[in-house]
Amino acid sequence: MNYRKKKIRVGFTTGDINGIGIEIFLKVCYKKKLLDFFTPILFGSTKLCFYYKKILNMDISNIREVKNLKEVIDYKINVLNIWKEDIKFESIKINHPESVKYPVLSLKKAVTALKEGKIDVLVTAPVNKKCMNFKNFSFVGHTEYLQNILEGESLMLMIHDILKIALVTNHLPLKRVSSELSIKKIIKSIKILHQSLIIDFSIEKPKIAVLGCNPHSSDNGLMGNEEKTKIKPAVDSLFQKQGWLVFGPYSSDSFFGNQSYRNFDAVLAMYHDQGLIPFKTLTFNQGVNFTAGLSHIRTSPDHGVAYDIAKKGIANENSFEEAIFSAIKIFKNRKEHKKFSSYKLL
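Computed from a prediction, not measured in an experiment: that's the story for all the values here.

**Considerations on the packing of aromatic side chains**
For the structure shown, the criterion picks out 15 aromatic pairs. Ring centres 5.5 Å apart and planes at 55° place the aromatic pair F239 and F247 in the tilted group. Positioned above the aromatic ring of F264 is the side chain of K207, whose terminal nitrogen or guanidinium carbon lies 5.1 Å from the ring centre.

As structure tokens, this is what we get:
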């Protein structure tokens with residue numbers, strides 16, 4: 001029996017080594033029953049794991065160093081040592097150059113393994129975006145880097161059972177949002193979202209709400225014209241020409257205030273905070289960040305590095321756990337969709 005075919009390999013990055021990434025990773029993998037469902041592989045170092053194990057006073061006995069991915073075995077916390085030097089992690093402080101070097105290397109190695117099919121899905125731990133954006137890594141965040149490396153067109157999609165919110169623009173200053181919006185870009189975002197809902201979430205005929213950009217969706221042009229010139233034409237194009245269930249633009253405040261989001265499979269927001277504020281308010285520590293539209297699956301928790309509580313043993317691992325099982329579910333949904341599509345072609 002080829003057990004490898006059944007057990008999904010989940011790759012993990014370290015994230016910021018001064019943040020809560022390794023803590024929540026160990027807390028999840030400490031729940032041994034969860035390892036019935038996946039095989040964890042951390043791209044980092046055993047020394048980093050033991051450093052946090054000691055700080056957190058965790059009784060973990062199944063951490064296992066592997067020299068290559070062929071040595072990975074089930075029911076162990078497999079750690080691929082990607083740093084050859086002897087690192088004193090306790091001496092690396094926040095914003096220290098080495099605090100950037102190691103998370104970037106972890107991410108690069110993990111994404112390479114994902115692209116080569118050596119892991120099935122990837123879960124990334126939180127990073128400090130300001131620290132990550134340095135001379136050898138010119139990307140604002142994970143989403144932008146993955147878009148550059150993997151095939152497809154990426155879309156940042158926050159997911160939870162009660163709410164899914166995608167973003168037309170990601171990590172962008174608010175003053176640049178309007179100029180970045182276009183009919184073409186909004187249509188592309190809706191198409192990626194629509195496709196992801198079908199393939200990744202098994203929703204046969206998705207119903208999508210599109211938010212406006214200005215207060216009250218501009219009140220018929222009183223406070224801007226993006227709704228009239230960019231958003232409405234994009235929505236109408238897909239609704240009328242494709243017959244898709246795409247509606248809007250809706251005024252953000254009333255849309256979430258009266259719980260209209262419950263009537264849709266997903267929501268498309270124009271900019272970061274327009275989508276992330278209601279999402280985190282409604283789902284915090286349970287939501288997941290999924291990079292939709294790409295050839296491979298990556299998820300992450302819905303929170304940041306949390307320096308203020310790091311190394312105290314009080315970080316909540318729920319969102320990280322949700323990120324793992326969301327990735328696994330999406331992986332299985334994609335396989336089922338591919339199988340079903342091949343049947344239809346026969």
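**Thoughts on the packing of helix α1 (residues 21-30) against helix α2 (residues 46-56)**
Where α1 meets α2, the axes come as close as 10 Å, and the angle between the chain directions of the two elements is 80°. Judged on the interaxial angle alone, α2 and α1 are roughly perpendicular. Counting all contacts with α1, which are made through I22, E23 and L26, the residues of α2 involved are L48, C49, Y52, K53 and L56.

**Side note on the sheet that holds strand β1 (residues 8-13)**
An order of β3-β4-β2-β1-β5-β12-β11-β6-β7-β10-β8-β9 is seen for the twelve strands of this open sheet, with the pairing classed as mixed. The sheet terminates laterally at β3 (63-66) and β9 (245-250), the two strands that pair on one side only. In this sheet, adjacent strand axes meet at a mean angle of 25° when their direction is disregarded. Contacts from helix α7 (residues 183-199) reach β6 (152-159), β7 (164-167), β8 (207-211), β9, β10 (266-269) and β11 (288-294) within the one sheet, and its direction differs from that of β6 by about 70°.

**Topic: the pattern of salt bridges**
According to the stated counting rule, one finds ten salt bridges in the structure shown. The residue K31 makes a salt bridge to E321 at a minimum N-O spacing of 2.8 Å. Of this pair, K31 sits in the loop between α1 and β2 (38-44) while E321 sits in helix α11 (residues 318-345); the two residues are 290 residues apart in sequence, bridging distant segments of the chain. Residue classification places K31 among the partly exposed positions, given a relative accessible area of 31%. R334 is the partner of D200 in a salt bridge, and the nearest nitrogen-oxygen pair spans 2.6 Å.

About the cut-offs
Residues numbered from 1 in each chain as written. Predicted model: local features only at pLDDT ≥ 70, side-chain atom pairs only at ≥ 80, totals over all residues. Heavy atoms only, no water. Phe/Tyr/Trp six-rings, centres within 6.5 Å; stacked < 30°, edge-to-face > 60°. Lys NZ or Arg CZ within 6 Å of the ring centre and 35° of its normal. Axes fitted to C-alpha atoms, helices over the stretch in contact; angles between N-to-C directions. Helix = DSSP H or I, 4+ residues; strand = E, 2+ residues; numbered from the N terminus. Parallel < 35°, antiparallel > 145°, perpendicular 65-115°, else oblique. Contact = heavy atoms within 4.5 Å. Pairing = 2+ DSSP bridges. Salt bridge = Lys/Arg side-chain N within 4 Å of Asp/Glu carboxyl O. Buried < 20%, exposed > 50% of the residue type's maximum accessible area, 1.4 Å probe, protein only.

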